[in-house]
Amino acid sequence: MAECHPVGFQWVMEAKARGATVIHVDPRFTRTSALADLHVPLRAGTDIAFLGGIVNYVLANEKYFHDYVVHYTNAASIVTEDYAGPADMDGFFSGFDAEKRHYDFHTWQYEGAEVQAASGERDLEYPDRAGGDPPSGSGVRQAGRGEAHGSGGASSGQARTDPTLRHQRTVFQILKRHFADYTPEMVEQVCGVPPEKFLRVCEYLTENSGRERTSAFVYSVGWTQHTVGVQYIRTASILQTLLGNIGRPGGGILALRGHASIQGSTDIPTLFNLLPGYIPMPHAHANQDRAAFLAAEGTDKGYWANMGAYLTSLLKAWWGPAATPENDFCFDYLPRLTGSHSTYETVMAQTRRECVGYFLYGENPAVGSANAKLQRLGMAALDWLVVRDFSLIESATWWKDGPEIESGELSTREIATEVFFLPAAAHTEKDGSFTNTQRMLQWHHAAVEPEGDARSDLWFTYYLGKRIREKLTGSTDDRDRPLLDLTWDYPVHGPLDEPDADAVLAEINGADAQGNPLSSYEQLTDDGSTTCGCWIYCGVRAGGANQAARREPGDRQNWVANQWGWAWPANRRILYNRASADPDGRPWSARKALVWWDSDEQRWTGHDVADFAATKPPDYQPPSDAHGPAALAGTEPFVMQDDGKAWLFAPAGLVDGPLPAHYEPQDSPFENRLYPQQRNPVRQVLPFKGKHNRMQPSGAQPGTEVFPYVATTYRLTEHHTAGGMSRWQPYLAELQPEMFCEISPELAAQRGLTHLGWATIVTARAAIEARVLVTERMSPIAVQGRTLHQVGLPYHWGHNGYSTGDAANELAALSLDPNVHIQEVKAFACDIRPGRRPDAAGTAELVREYQRRAGITDETGTEI
Amino acid sequence: MKRWLNWPVLRQFASTDPSGRGAAAKSRTSANLSPRTADADRIVKSVCPYCAVGCGQNVYVRGERVTHIEGDPDSPVSRGRLCPKGSASLQLTTGPGREHRVLYRRPYGTDWEQLDLDTALDMIADRVIKARGEYWQWQQDDVRTRRTMGFASLGGATLDNEENYLIKKLFTALGAVQIENQARV
């Protein structure tokens, strides 16, 4: 955090100054470690074992927050008799279909209740809930729904519960049995963390959790970029829920995101699987209409029961007067999914020439996405490519100077791809909002006009849409109706006829039938009388004023500071904050008070906006026929869940198990000590099988010894992602002038590597060179009786700009988390050798030689 | 002699500023300097474009050019601070690394060519229509899909919410489903 979010880290230092204990768990010693009370280096790719060990400690030593767990989680729910976990199933959960490499989740359900998840794979239950065809094979089950974090669960029927938590099939007892194997000794074997150090972490964390104290977890892509990434976060969720650290000040699981509006581009998603506000994109089903979609994907209780209002208001925002009750509000205008259409499937489709046009908006996949070679080969097979960026990034120039040109694998004169480079406007040259990592929208104002041909992406997209509409005007082809009926007329201003970003924000916010701005998603209806482009952003222009542009200075506000910008939903700064009060509505403790029930005023009040119906008393019990938010009791804080409870065990929504289990990374030099099953059995590798995405032998397989080290990728303070916004800045280039790797003195001695000399790092995909930084900040760790050396690889580079070097992403394979299709670049086995790599052709031969030595074929590593 | 007496080291030890951090370090030139922020025509409120912490920025403009960018002390997020990247955002926005012209590489071409922005927009519109039509799918396996697989889009995490909204809206209306951004990688 001190490296990559340094200004945010000032608050960690503030907390430390007030007595907080800071623990840093990371394979590397960084600026964060230097300021932490305790640094715990561990083997990259083993955090589920580490966190699972803490869960076991909390349960075995009864350190959980009993009242919070009993009242606010699903600990008391009883799970079906057919459920079996990996300890009893050789590393598999019940329901595994080896042929389809897929889990049937039905045995993970509660007893007596058919539960639907409203996050994760909601479409899996389509046949159960809407009738009709089963999900179409591997396609549907691979479609990601994982961005819908924190939302989930509809049930039909009433799940059996045991509030004493003693029933053997309660979630609580299942949890205890599941994590019983995650002992301190096992943590040492798997993670390489000595038991004394591990127990100090357990003690620090549990001493600082409970009524009087809270602890927060902070993570970034070090947790997400794994074949089990979602389950990393799940393990932290289980732990924080057991400790009562969710919905309370100083608690939470905080994702530190790495782009200015990566949160916003997930909320208003430029993502294949979502519509704005985490409404799922529809999958293809026979005779699907809006009602069938909502029956399948919406819920009975909680706020997802209102999905119809959110969806209908979105359809009205997009298709305006054309969307009528008679035509189902143009629901049929939405294109349908038939599986995963993630960026990695798209790259494979490009190589097969099944997708021939490509827009890049401020992203540099030629060096910034895993298996960079496949990214370039995909682009080389396109008909056309549009690159919108500040500078000539590698994704714009690969056709004349990419590694494949140097090696002769591709020839510029034979590449048919047409490339358009369009310069983009900077944040100082356009109005607009970013949503930061705490869900807060902040407006930035244009300071000057962009120069030359530079334009905002708002300008480009708006005028591209207008041009296409003009060219198709008068078309009678039914496929053009969604485009021609689209509301696509925004006011413009200034010398460049810039579309008015505030008018776009007004559409996102929504309006009533008279065109008045809405102030809350509670006002949305499913009868077509309201419009709203993104329901969770409803209220950002409450009263017709741009709330995201508010800038009341921080020192003139309380510590919540909610007069600066605007956080979704409803300007709440801490989600699920009803949980900061006990079941009776009183703060768990005075020092951790956030919101509470004011019995005189008969409403929730406090420092933050309560994430709860404002006048619903703590003793509210819903009538048996209640539906939606009204069906949640006054003691159910998790208002997006059908049962209003936090899920320690996820009976639906995840494709790789209701509980986290440790599996080894795709390419690992170690055997899985916890289960006979080596890797996540449903990880996504098969679509990427082939000569450009070779995997490595793992565990006890012959050939594993060819790649004895573990590499992990990361960012530096002085650069940004794949370098498009930092390698062209002389200041930053001077601070970090070229690609390097970080290794320990022990590894340097073992492999003859010298400080400031060169090293070549090799995997089954590629070999890259890097300057060597020998540092004691990289420490060898003892794992399973061996010494493991890890190799640190910053991934900012390519060969354009002022600061240059090989791209770490050349080395990484396409092996993905099956829930969210994120690639595993945070832990993969490699070799490292002294000296520079040969020229491009020689490098290709070097990689082939490694493949031969390790016995690698297209099949290697693709087994279950 | 006068020049010698003006020698900074001599001034430093002869004055009340032996550590050389105040009056002794000043020259006539430096005394007449003023910060770039002092003569700005206006200060525009902004947000750092790098990571998602969302540090406040003050953008200083003089003569319709951005002359300086620094941290906004009012921000409860950042309290005026910026990291090395945020501090380099003047160079990001006004530096020599930026391209300001449309460039075009024709099929099998060996170098860039200049292209008029309006022509480029028109050519891209034609190509979208063509790819969309050629790879259109009304259905797959007898189930209605109403979509095109002909083109894809990648990126959005560095853009504004309003830009992402228009991209998703337009491309979805065109029938595209392969719309992705950095959140996936």
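Residues numbered from 1 in each chain as written. Chains lettered and ligands numbered in written order. Predicted model: local features only at pLDDT ≥ 70, side-chain atom pairs only at ≥ 80, totals over all residues.

Moving on to the overall build of chain A. The helix and strand inventory of chain A stands at 25 helices and 28 strands. Here the C-alpha atoms of chain A give a radius of gyration of 27 Å, agreeing with the 29 Å that 2.2 N^0.38 yields for 864 residues. Each principal axis of the C-alpha distribution contributes one length, and for chain A these read about 75 × 70 × 60 Å. For chain A, contacts bridging at least 24 residues in sequence account for 72% of all contacts bridging at least 6. (Helix = DSSP H or I, 4+ residues; strand = E, 2+ residues; numbered from the N terminus. Rg over C-alpha atoms; globule rule 2.2 N^0.38 Å. Contact = placed C-beta atoms within 7 Å.)

Once that is clear, we can look at the overall build of chain B. Summing up its helical and strand segments, chain B has seven helices and nine strands in all. Radius of gyration (C-alpha) of chain B: 27 Å, far over the 16 Å computed for a compact globule of 185 residues. The C-alpha extent of chain B, read off along each of the three principal axes, is 95 × 45 × 30 Å. Counting across all 185 residues of chain B, residues that qualify as buried make up 48%. Restricting the contact set of chain B to residue pairs at least 6 apart, pairs at least 24 apart contribute 31%. (Buried ≥ 20, exposed ≤ 12 C-beta atoms within 10 Å, placed from the backbone.)

All names here are of chain A. Running from amino to carboxyl end, helix α3 (residues 47–60) crosses helix α8 (residues 184–191) at an angle of 170°, the nearest separation of the two axes being 9 Å. When the axis of α3 is compared with that of α8, the two are roughly antiparallel. Mapping the contact onto sequence places A49, F50 and G53 in α3 and P184, M186, V187, V190 and C191 in α8. A per-class count over the contact of α3 with α8 returns seven nonpolar, one polar and no charged. (Axes fitted to C-alpha atoms, helices over the stretch in contact; angles between N-to-C directions. Parallel < 35°, antiparallel > 145°, perpendicular 65-115°, else oblique. Nonpolar A, V, L, I, M, F, W, Y, C, P; charged D, E, K, R; others polar.)

We now examine the sheet that holds strand β14 (residues 432–435) of chain A. Here we have three strands laid out as an open sheet, ordered β14-β15-β18 (chain A), and antiparallel in their pairing. Either end of the sheet is taken by a strand with one partner, and the two such strands are β14 and β18 (566–567) of chain A. Packed onto the sheet, helix α7 (residues 161–173) of chain B meets β14 and β15 (440–444) of chain A and runs at close to 95° relative to β14(A). (Pairing = 2+ DSSP bridges.)

Right, let's get into the nonpolar core. Grouped together as the largest cluster of nonpolar side chains are 293 residues, with contacts concentrated most on A:V55, A:I743, A:I761 and A:C830. Inspection of this core shows a minimum of three residues originating in each of domain 2 (42–94) and domain 3 (103–184) of chain B. Ignoring any residue separated from it by four or fewer positions in sequence, one finds A:I761 in contact with A:A711, A:C741, A:A767, A:I768, A:A770, A:V791, A:L793, A:L811, A:C830 and A:I832. In terms of nonpolar packing, the next biggest core, distinct from the first, is built from seven residues, B:Y60, B:V66, B:I69 and B:L90 among them. (Core = buried A, V, L, I, M, F, W, Y, C linked by C-beta atoms within 7 Å. Domains from an automatic or database assignment.)

Do not read the fine detail of predicted coordinates wherever pLDDT is low. When pLDDT is averaged along chain B, the result is 94, and 99% of the positions lie at 70 or above. Reported confidences for the modelled complex are a pTM of 0.96 and an ipTM of 0.96. (pLDDT = per-residue confidence, 0-100.)

Contact with chain A, which involves 134 residues of that partner, is made by 98 residues of chain B. Here the element with the most residues in the side of chain A that touches chain B is helix α20 (residues 457–472) of chain A; it accounts for 10 residues. Residue composition of the side of chain A that touches chain B, grouped by class: 66 nonpolar, 49 polar and 19 charged. Summarising the sheet, strand β11 (residues 357–361) of chain A and strand β8 (residues 151–154) of chain B pair through four bridges and their orientation is parallel. Its bridge partner being in β8(B), A:Y358 is matched across the sheet by B:A152.

The figure often quoted for interface size is the accessible area lost as the parts come together. On domain assignment, one finds that chain B holds domain 1 (2–31), domain 2 (42–94) and domain 3 (103–184). Taken over C-alpha atoms, the centre of domain 1 of chain B sits 63 Å from the centre of domain 3 of chain B.

Here we have seven strands laid out as an open sheet, ordered β5(B)-β4(B)-β13(A)-β12(A)-β11(A)-β8(B)-β9(B), and mixed in their pairing. In the strand order of this sheet, the two ends are held by β5 (113–114) and β9 (179–180) of chain B, each with one partner.

The next subject is α7(B). Residue and element names in this part refer to chain B. Relative to the 18 Å expected for 13 residues at 1.5 Å per residue, α7 spans 18 Å between its end C-alpha atoms, a close match to the ideal helical length. The buried count for α7 comes to 13 of 13 residues, which makes it a mostly enclosed element. Once α7 finishes, G175 follows within two positions and takes phi at roughly 95°, a positive value. (Expected span 1.5 Å × (residues − 1).)

Turning to the environment of A:V655, a few remarks are in order. Relative to the helices and strands, A:V655 resides in the loop between β20 (603–606) and β21 (709–714). Separated by 43 residues in the primary sequence, A:V655 and A:S698 have C-alpha atoms spaced 23 Å apart.

Residue and element names in this part refer to chain A. Counting buried positions over the five residues of β11 gives five, a clear majority of the element. Burial of the side chains of β11 extends over both faces: G357, F359 and Y361 are buried on one face and Y358 and L360 on the other. When β11 meets strand β12 (residues 384–389), the two strands line up parallel, connected through five bridges. Each residue of the ladder has a partner; that of L360, found in β12, is V387.

At a closest axis distance of 9 Å, the pairing of α20(A) and helix α6 (residues 117–134) of chain B adopts a crossing angle of 60°. Here α20(A) lies oblique to α6(B), going by the angle between them. By crossing handedness, the relation of α20(A) to α6(B) is classed as right-handed. Between α20(A), through A:Y463, A:L464, A:R467, A:I468 and A:K471, and α6(B), the contact on the second element is made entirely by B:L121, B:D122, B:I124, B:A125, B:V128 and B:I129. Along the lines of polarity and charge, the residues of the contact of α20(A) with α6(B) split into eight nonpolar, no polar and three charged. (Left-handed = near helix turned anticlockwise from the far one by under 90°.)

Here the focus is unusual backbone geometry. Trans is the prevailing form of peptide bonds, just as negative phi is the prevailing case for residues other than glycine. Cis geometry marks the peptide bond from A:W568 to A:P569, where omega comes out at -5°. Inspection of the secondary structure puts A:P569 in the loop between β18 and β19 (595–598). Although it is not a glycine, A:T721 adopts a positive phi angle of roughly 35°. According to the C-beta neighbour criterion, A:T721 is buried, with 24 such atoms within 10 Å. Of note in this structure, B:D142 is not a glycine but carries a positive phi near 70°.

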